[in-house]
There are 2 protein chains.
Amino acid sequence: MELHEPDLTAVPVTAVLAALADDVRLQIVRALADGGEAACGSFDFGVSKATRSHHLKVLREAGLTRTRAAGTSRLVRLRRDEVDTLYPGLLDAVLTSRPTA
Amino acid sequence: MELHEPDLTAVPVTAVLAALADDVRLQIVRALADGGEAACGSFDFGVSKATRSHHLKVLREAGLTRTRAAGTSRLVRLRRDEVDTLYPGLLDAVLTSRPTA
DNA sequence: GGTGTTGTTCGATCGTTGTCGAACAAGGGT
DNA sequence: ACCCTTGTTCGACAACGATCGAACAACACC
C-alpha cells in the first residue's frame, strides 16, 4: 500500500486548515498531541471505521500525520515538529482551545 | 440591518478554521492584516459581489472581522487582538505562509 | 424625485465532503 | 488451513458550501 505523505510545504494552507476544521479530525489530532503513536482503531469517536479511515487519510494527505504499519495495525503520529516549523503556533492555538467549544 | 458579530469564545474552533480554509477568504484576511479598514468592494478577487458578500459574512460570523456602516459602504476590519488572545499564533501562522501555496 | 453606487438576500446549480455498509486485503494466532 | 482482527476501498447518499445572476434595500448626490 502506497502511503501518500506529502511534504508539508507542498500542501496549500487552505488544505491544512480544512483538515483541521472537522470535529472528528480535531479529536484525533488532540489524541496525538502528546507525541505518541496510536493505532487507527483507538480513535473511536462514534463513527464507523470507514469514516475513521477517511479522516486519517485526510490528515495524512494534509501533511499532518505519518503512518507506519505494525502487524495488522497502523500506527499514526502527529508531524508536530514539521508543522510547528512551517506554521508556528498553529497547532498550539488549536490544541489548547477547549474541546467542544 | 442586524450585524451578527459573535463573541469569539462562542464560536467553535472548527468554524474559525473552516472560515480560514478558503482561498478567497484568506486573501481578504491578508488584505486586512495591516489592521486597517477596507470597504467590501475593495476585495476584488475575481468573484461576484454576491460571493464576496457571502465570504465576508462567513468571516464575520466566525468572529474574525467587524463591520461598520459608512455611507453606502461597509468598512471591515480584522479582530486581530481578540483572535490573537484566544488563538495565539493562529493568524500569524496563516498570514506568514506564502500565498498561493 | 430620480439616478447611481454599494451591499445584501434569494433561488438555483454544482462540486465537495462526511457518512455508512459491504466487500476486500493483509497479518496474526491457533 | 481457518478464522479473527485491523484497515482500506468502493458505491451510494445526504448535507454542505462556493458560485452566480437577479432582485431588493439603503444611502448619497444632483
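Refer to the structure printed above.
Trainee: Can you walk me through the relation of the copies chain B and chain A in this structure?
Mentor: Its rotation angle being 180 degrees, the transformation that places chain B on chain A also includes 0.0 Å of axial translation and leaves an RMSD of 0.0 Å. Such a combination of rotation and displacement between the chain copies is what one expects of a two-fold axis. Within chain B, Gly89 of chain B has its C-alpha nearest the rotation axis, a separation of 2.1 Å. Both copies present the same face, since 100% of the interface residues in chain B are matched by interface residues at the equivalent positions in chain A.

Trainee: Could you clarify how one ought to interpret the sheet that holds strand β1 (residues 38-39) of chain A in this entry?
Mentor: If you trace the three strands from one edge of the open sheet to the other, you get β1-β3-β2 (chain A), paired in antiparallel fashion. At either margin of the open sheet sits one strand with a lone partner, and together these are β1 and β2 (65-70) of chain A.

Trainee: Even after reading the chapter, I still don't get the protein's contact with DNA strand D, so can you show me in this structure?
Mentor: The full set close to DNA strand D counts 22 residues, and Gly41, Lys49 and Ser53 of chain A together with Ser48 and His55 of chain B are the nearest of them. Sugar and phosphate atoms constitute 69% of the interface atoms of DNA strand D, taking the interface as everything within 4 Å of the protein. For DNA strand D, a phosphate oxygen lies 3.2 Å from a polar atom in the backbone of Cys40 of chain A. For DNA strand D, a phosphate oxygen lies 2.8 Å from a polar atom in the backbone of Ser48 of chain B. If you list the elements that add at least two residues to the surface near DNA strand D, you get α3 (49-61) and β3 (73-78) of chain A together with α2 (23-31) and α3 (49-61) of chain B. No other element matches α3 of chain B, which puts four residues into the surface near DNA strand D. Of the residues belonging to the surface near DNA strand D, the class tally is seven nonpolar, eleven polar and four charged.

Trainee: Teacher, can you tell me more about the interface of chain B and chain A here?
Mentor: The extent of an interface is frequently quoted as the accessible surface area lost upon association of the parts. If you look at the interface, chain B gives 23 residues, while chain A gives 23 residues. Carbon and sulfur atoms supply 69% of the area buried between chain B and chain A, which totals about 1700 Å² over both sides. The tally of links from chain B across to chain A stands at zero salt bridges. Our count for the contact surface shared by chain B and chain A stands at zero residue pairs in polar contact (both at pLDDT 80 or more). Contributing elements (two or more residues each) for the side of chain B that touches chain A: α1 (13-20), α2 and α5 (90-95) of chain B.

Trainee: Any chance you could explain helix α1 (residues 13-20) of chain A here in plain terms?
Mentor: For an α-helix the count is 3.6 residues per turn, leaving residues at separations of three or four pointing the same way. Along α1 of chain A, six of the eight residues are buried, which leaves the element largely enclosed by surrounding structure. For α1 of chain A, the set of buried residues is Val13, Thr14, Val16, Leu17, Ala19 and Leu20 of chain A. In this fold, the buried residues of α1 of chain A make contact with α2 (23-31), α3 and α5 (90-95) of chain A together with α1, α2 and α5 of chain B.

Trainee: Got a minute to help me understand the nonpolar core in this structure?
Mentor: The nonpolar side chains of a soluble globular protein tend to be buried with one another. Of all hydrophobic cores here, the largest spans 55 residues; its most connected members are Leu90 of chain A together with Leu90 of chain B. Discounting chain neighbours no more than four positions away, the residues touching Leu90 of chain A are Val16, Leu17 and Leu20 of chain A together with Gly89, Leu90 and Ala93 of chain B.

About the criteria used
- Residues numbered from 1 in each chain as written.
- Chains lettered and ligands numbered in written order.
- Predicted model: local features only at pLDDT ≥ 70, side-chain atom pairs only at ≥ 80, totals over all residues.
- Heavy atoms only, no water.
- Least-squares fit on C-alpha atoms with pLDDT ≥ 70 in both.
- Contact = heavy atoms within 4.5 Å.
- Pairing = 2+ DSSP bridges.
- Helix = DSSP H or I, 4+ residues; strand = E, 2+ residues; numbered from the N terminus.
- Near = heavy atom within 4 Å.
- Polar contact = N/O pair within 3.5 Å; in protein donor to acceptor, adjacent residues only side chain to side chain.
- Nonpolar A, V, L, I, M, F, W, Y, C, P; charged D, E, K, R; others polar.
- Buried area = accessible area lost by both parts, 1.4 Å probe.
- Salt bridge = Lys/Arg side-chain N within 4 Å of Asp/Glu carboxyl O.
- Buried < 20%, exposed > 50% of the residue type's maximum accessible area, 1.4 Å probe, protein only.
- Core = buried A, V, L, I, M, F, W, Y, C linked by side-chain atoms within 4.5 Å.

Limitation: the analysis is restricted to geometry and does not speak to function.
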